[in-house]
Amino acid sequence: MRHLKIYRAIRLIQRTGSIRKAAENLAISPSALNRSVQSFEEELGLPVFDRVPGGVRLTMAGELLLNLLDRHLVAFDDLRAQLGHLREGVSGTLDICLGSDIGAGLVLQALRAFEDAFPGVSVTLVTDDTALPLHRREADLAILTNPETDDAVEVVHAIRVPVTAHCARHDPHAPTTLWDMVDQRLLLPPAPTGTRSALSHALRRHRLDPGTTTTLVAAQVADLLSQPGRIAVFPETVFLGDAPETRRLPMVLGDVQLCVLRPARVPMIRPAQAFLTILQRSLDSALPQPA
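Residues numbered from 1 in each chain as written. Predicted model: local features only at pLDDT ≥ 70, side-chain atom pairs only at ≥ 80, totals over all residues. Heavy atoms only, no water.

Focus: helix α2 (residues 19–26)
Link 1 in the chain: Of all the residues in α2, the buried ones are Ile19, Ala22 and Ala23. For α2, the angular spread of buried residues about the axis comes to 100°, placing them on one side. In α2, those exposed residues whose orientation departs by more than 90 degrees from the buried face are Glu24 and Asn25.
Link 2 in the chain: N-cap assignment for α2: the residue whose side-chain oxygen lies 3.1 Å from the backbone N of arginine 20 is serine 18. (Buried < 20%, exposed > 50% of the residue type's maximum accessible area, 1.4 Å probe, protein only. Helix = DSSP H or I, 4+ residues; strand = E, 2+ residues; numbered from the N terminus. Arc of directions from axis to C-beta. Polar contact = N/O pair within 3.5 Å; in protein donor to acceptor, adjacent residues only side chain to side chain.)

In structure tokens:
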């Protein structure tokens, strides 16, 4: 940790413009701090600071070094926070509201990863396609598609997710066009969801009717999609992660914005923060956004 101390000291000297002022903040003598800087400069082989009247300023080498130090200190602070969580443990409860069109696949995989990492947290999942559980303080987080928001909730993460059609992996009658697709039984989420709205818009553009449908929640898709002659239309996250293998069909059905919401003006509890981090990483790695 010796180098971390001098890294932070160099950053403080740069900010204050003075070894003396930095030493006062660090509660050490200016001469001791100056010796530490000189020792580091000797190890580096180049001066970090030019000594000028009234203080110091970074050399060109110091400017380059500072960029590296900032990245190193931020990364170390993040690591220390994670180690703190491991040392202290995260316990308590976590209440999550899931939209009926996304409670499967990648989202549930992220939840299982959270449970493995924090076994001391009890989790409650409820299904609701609105933010009402947040308004009633019955949920710590809500994960919804195209949600209606107001000043009582805050969006803490949002990502565009394509709406895709999938059939059983070895379905011999898999359709290749929207016109063929609507002739088969469609497995669809409930009408209030962003996914159902996206599909309705896509079909209306082509003056098509969805035909025969089965309305269900995302968690039930895997059981019903195992039979041929059925097409499930849900956000792509439902078919990612450790979801059963399916075949994605070549239809363009629009997209939805998957949002993670929390109650506004309420401190986020530690279990919610930990789960949000895991979920963000899962979504961002699986669904890279266009530049």
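Don't stop here, the text continues.
Section: the side chain of serine 282
Link 1 in the chain: Within the secondary structure layout, serine 282 lies in helix α10 (residues 270–286).
Link 2 in the chain: Within the structure, serine 282 has its side chain in polar contact with the backbone oxygen of isoleucine 278 (distance 3.1 Å).
Link 3 in the chain: Setting aside residues no more than four positions away along its own chain, serine 282 makes contact with Leu106 and Ala110. (Contact = heavy atoms within 4.5 Å.)

What to know about unusual backbone geometry
Link 1 in the chain: A positive phi angle, near 60°, is found at alanine 27, a position not held by glycine.
Link 2 in the chain: Within the secondary structure layout, alanine 27 lies in the loop between α2 and α3 (30–44).

Some remarks on the nonpolar core
Link 1 in the chain: Phe114, Ile143, Met181, Val233, Leu253 and Phe275 are the most contacted members of the largest nonpolar core, which totals 45 residues.
Link 2 in the chain: Per-element accounting of this core gives the leading share, seven residues, to α10.
Link 3 in the chain: Once residues within four sequence positions are removed from consideration, phenylalanine 114 is found in contact with Leu94, Val121, Val123, Pro271, Ala274, Phe275 and Ile278.
Link 4 in the chain: With 22 residues, the next largest nonpolar core counts Ile10, Ile19, Leu66 and Phe76 among its residues. (Core = buried A, V, L, I, M, F, W, Y, C linked by side-chain atoms within 4.5 Å.)

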